[in-house]
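Spelled out, the chains give:
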Amino acid sequence: MDTLRRECPWDREQTHESLVPYLLEESYEVLDTVESGDLGALREELGDVLMQVAFHSVVPPSGPTAPSSRSTTSPRGSSTSSSGGTRTCSPTSR
């Protein structure tokens with residue numbers, strides 16, 4: 001996530017507020033999967049929710065109380081998309 005925030009313009013511009021629709025979408029996909037009984041797909045959908053949680057964890061706080069010196073750089077690995085491949089730099093891969 002840190003690499004994406006650093007190297008992908010779309011990811012770099014995201015805020016907690018702009019990411020909410022993606023988190024909600026992925027959460028509803030978990031609900032749909034559970035309700036449909038497709039528990040085999042549940043693992044993938046939960047992974048998508050986890051990806052959103054990881055994304056939020058590297059977004060700096062915004063607003064008047066946000067520390068100005070917060071860094072989003074840390075030694076973490078890359079992430080994968082719901083299709084199982086390396087996530088591309090675009091909002092359509094979410």
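Keep in mind it's a predicted model, so treat the numbers as computed, not measured. (Residues numbered from 1 in each chain as written. Predicted model: local features only at pLDDT ≥ 70, side-chain atom pairs only at ≥ 80, totals over all residues. Heavy atoms only, no water.)

Asker: Describe the overall build of the chain, and please don't skip the residues or the numbers.
Answerer: Per the secondary structure count, the chain includes four helices and zero strands. For the chain, restricting intrachain contacts to residue pairs at least 6 apart in sequence, the fraction spanning at least 24 positions comes to 59%. Total accessible area computed for the chain in this model is approximately 6000 Å², and 58% of it derives from carbon and sulfur atoms. (Helix = DSSP H or I, 4+ residues; strand = E, 2+ residues; numbered from the N terminus. Contact = heavy atoms within 4.5 Å. Areas by Shrake-Rupley, 256 points an atom, 1.4 Å probe, with all protein chains shown as cover.)

Asker: Before we move on, could you go through a nonpolar patch on the surface and cite the residues and values that matter?
Answerer: A cluster of nonpolar side chains, V20, L24, Y28 and L31, forms an exposed patch at the surface whose accessible area comes to about 370 Å². In this fold, L31 is placed in helix α3 (residues 16-36). (Patch = residues over 30% accessible without salt bridge, like charges linked within 9 Å, V, L, I, M, F, W, Y side chains within 5 Å. Salt bridge = Lys/Arg side-chain N within 4 Å of Asp/Glu carboxyl O.)

Asker: How would you explain the packing of α3 against helix α4 (residues 39-58) if you had to name every residue and give the values?
Answerer: Two numbers describe how α3 lies on α4: the axes approach to 9 Å, and their chain directions differ by 165 degrees. Judged on the interaxial angle alone, α4 and α3 are roughly antiparallel. By crossing handedness, the relation of α3 to α4 is classed as left-handed. Contact with α3, carried on its side by H16, L19, Y22, L23, E26, S27, E29, V30, T33 and V34, involves L39, A41, L42, E45, L46, D48, V49, Q52, F55 and H56 of α4 and no other residues of that element. For the contact of α3 with α4, the class distribution of residues is 11 nonpolar, five polar and four charged. (Axes fitted to C-alpha atoms, helices over the stretch in contact; angles between N-to-C directions. Parallel < 35°, antiparallel > 145°, perpendicular 65-115°, else oblique. Left-handed = near helix turned anticlockwise from the far one by under 90°. Nonpolar A, V, L, I, M, F, W, Y, C, P; charged D, E, K, R; others polar.)

Asker: Which residues make up the side chain of H56, and what values do they have?
Answerer: Among the structural elements, H56 can be located in helix α4. Ignoring anything within four residues of it in the chain, the contact list for H56 reads H16, L19 and L23.

Asker: Just give me the short version of the packing of aromatic side chains, but keep the residues and values in it.
Answerer: Considering all chains together, one arrives at one aromatic pair under this definition. For the ring pair W10 and Y22, a centre distance of 5.7 Å and an interplane angle of 80 degrees mean the geometry is edge-to-face. Of this pair, W10 sits in helix α2 (residues 9-13) while Y22 sits in helix α3; the two residues are 12 residues apart in sequence, bridging distant segments of the chain. (Phe/Tyr/Trp six-rings, centres within 6.5 Å; stacked < 30°, edge-to-face > 60°.)

Asker: Give me the lowdown on the nonpolar core, citing residues and values where you can.
Answerer: Grouped together as the largest cluster of nonpolar side chains are 10 residues: M1, L4, C8, W10, L19, Y22, M51, F55, V58 and V59. Those elements that provide at least two residues to this core are α3 and α4. If one sorts the elements of this core by residue count, α4 sits on top with three residues. (Core = buried A, V, L, I, M, F, W, Y, C linked by side-chain atoms within 4.5 Å. Buried < 20%, exposed > 50% of the residue type's maximum accessible area, 1.4 Å probe, protein only.)

Asker: Would you mind going over α3 in detail, with residue names and values included?
Answerer: Taking 1.5 Å as the rise per residue, α3 with 21 residues should run 30 Å; its terminal C-alpha atoms sit 30 Å apart, in good agreement. Taken together, the buried residues of α3 touch α2 and α4. Phi turns positive one or two residues past the end of α3, at G37, with a value near 80 degrees. (Expected span 1.5 Å × (residues − 1).)

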